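For reference, the chains in residue letters:
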Amino acid sequence: MDEKKEFNDETINTEEINDNQIDENEPIIADLTDASVANAQDSIDGEYNGKQNLGDFKSYFKPITYVVDTTHSIDDDIDKTRKKYTDLIKKYNILDLSSLILMVVAFIGVILVTFLNTDEKLAWLTWTILAIAIVIIIGGFVLSHFTGKKRRTLSIDYLTSFEDTLNGYVNSYLNVDEALLAAEGQIDDQLIIQSHCFKTINTIYSRAVVLGKRNGHDFTSAEVSVAVPTITFEDANKLPESFVNLDGTPYFPEANTNLDTSTQELPATDMTLVDLDLAHEITGEKKKPAKKKPEDTNTSVGLFGKYYSYDAKVTHQESMIISIMGTSKFTYLPDHLNGFTPVKVPGLKRNIVVFLADPKSSSIFFDEEGVRLLNDININTVVESLFISINSYGMKAGMMLSDDIMELPLKRIQHSGCYDIFKDESVKVFRFFDHVESKKQ
């Protein structure tokens, strides 16, 4: 996977812990004095060395103002926002370029008059031009500073407006109330760690934090980039060697060959590399030459996309981690699986991998409706892979997203419908959350 963000060297080891090094000022993830909590299947026992970012934002929360209007599409609304801000930014770019040209002309004028005006009687002309040039150069620097500052302000305003529109649109379908947005905010790192998906986290970068309420539970979302130690795509996609059934008995593939279609694994509908190539042709996007590079075989990105945290909890024994795999370069299977067992759930698509703390306790969630809801989640050119993690800390979901969603559009939207695809898959994830909420003990 291409490196889409630069990361710092700060490292969080979510397994190791030294009680003597816990800072009394740092919030404790779990009460480690309680043996039942420390030894629970979904325990994230470990020292948290990351920053407590939730209360340390560069900007402040503002209510999301976007209201869905079905008379025009989300693509049109975002493109309207893009045009408004990019046109303004272009104007300041022109001013900046003009000031640079004036400074260059003034500098050239000083050089010419200095070397060409050798008549002492016209010395006043040299000094006059020099004085004018100095005024122009100083004015140019002042104008350049002003336009640069204005461009940065416009860029932040554009990001805020874009995130307000996109999050307002998606959250309206997720039924999120009282939504507040901090476009430059950073998510509380603990919410990422609580997913129990990453054994070691090098850095967490985030923006566009949204806080709200959904069905009486706390709701948090953000655009997140999680850096992990570099591994090969093969290792990031390596499946468990053995599975168990939902009743806890060993799973033997040969014993399931004659089962009817209601209990067999369904073929995955995830996008293969060939599918992606065809998709590029359909959308008219030029396919990049397939050049083999060393970095094409490795990844250090555990997640680059959208992260949801929903404060609806299950018991330790009911904890689950579900990974819906896409192509190998966009998939990172969870590697923090202490206390979890890989389980074959009848009827699930082949690209859905399930890890359960206690298969018997969690089997109630994987009834016919639960399986249908998971199979309904699609992997495509927008949502490239995703994971769902549900435990005693709450419900989490991480979506690996394409640049269509993650980048601020600077040109007219090329792939229409990408925001609707992102919204639809987000809704499907929360339908499964609601199903688990309705079935939990």
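Residues numbered from 1 in each chain as written. Predicted model: local features only at pLDDT ≥ 70, side-chain atom pairs only at ≥ 80, totals over all residues. Heavy atoms only, no water.

Okay, the overall build of the chain next. Each helix and strand in the chain was counted, giving 10 helices and 12 strands. Each of the 441 residues in the chain was classed as buried or not, and the buried ones make up 46%. Long-range contacts, defined here as pairs at least 24 residues apart, represent 81% of the contacts in the chain between residues at least 6 apart. (Helix = DSSP H or I, 4+ residues; strand = E, 2+ residues; numbered from the N terminus. Buried < 20%, exposed > 50% of the residue type's maximum accessible area, 1.4 Å probe, protein only. Contact = heavy atoms within 4.5 Å.)

Take the sheet that holds strand 8 (residues 320-324) next. In space, the 10 strands of this open sheet follow the order 2-3-5-6-7-12-11-8-10-9, with antiparallel pairing throughout. With one partner strand each, in any of the chains shown, strand 2 (62-63) and strand 9 (341-343) form the two edges of the open sheet. Summarising the sheet, strand 8 and strand 10 (residues 352-356) pair through 5 bridges and their orientation is antiparallel. Across the sheet, serine 323 pairs through a bridge with valine 353, a residue of strand 10. (Pairing = 2+ DSSP bridges.)

Per-residue confidence for the chain gives a mean pLDDT of 79, with 75% of residues at or over 70. Every residue in residues 16-38 scores below 50 in pLDDT, and together they form 27 contacts with partners more than four places removed in sequence or on other chains. Scored below 50 in pLDDT, residues 269-292 shows 25 contacts in the model against residues more than four places distant or in partner chains. (pLDDT = per-residue confidence, 0-100.)

Attention now goes to the packing of aromatic side chains. As enumerated under the stated definition, the model contains 13 aromatic pairs in all. For the pair phenylalanine 430 and phenylalanine 433, a centre-to-centre distance of 5.0 Å together with 75 degrees between the ring planes defines the contact as edge-to-face. Linking phenylalanine 430 with phenylalanine 433, this pair stays in helix 10 (residues 418-439), spanning 3 residues, or about one helical turn. Take phenylalanine 433: its relative accessible area is 0%, and that puts it in the buried class. Within the aromatic cluster, the residues linked to one another by ring pairs are Phe219, Tyr308, Tyr310, Phe430 and Phe433. Directly above the ring of tyrosine 310 sits arginine 214, whose terminal nitrogen or CZ lies 5.2 Å from the centroid. Over the ring of tyrosine 173 we find lysine 423, and its NZ or CZ is 4.2 Å from the ring centre. (Phe/Tyr/Trp six-rings, centres within 6.5 Å; stacked < 30°, edge-to-face > 60°. Lys NZ or Arg CZ within 6 Å of the ring centre and 35° of its normal.)

Turning our eyes to something else, we now look at the environment of lysine 411. Summarising the element assignment, lysine 411 is placed in the loop between helix 9 (403-406) and helix 10. A residue is classified by how much of its surface remains accessible, and lysine 411, at 63% relative accessible area, is exposed. It is 8.2 Å that separates the C-alpha atoms of lysine 411 and lysine 83, two residues lying 328 residues apart in sequence. Each residue touching lysine 411, except ones within four places of it in the same chain, is listed here: Asp79 and Arg82.

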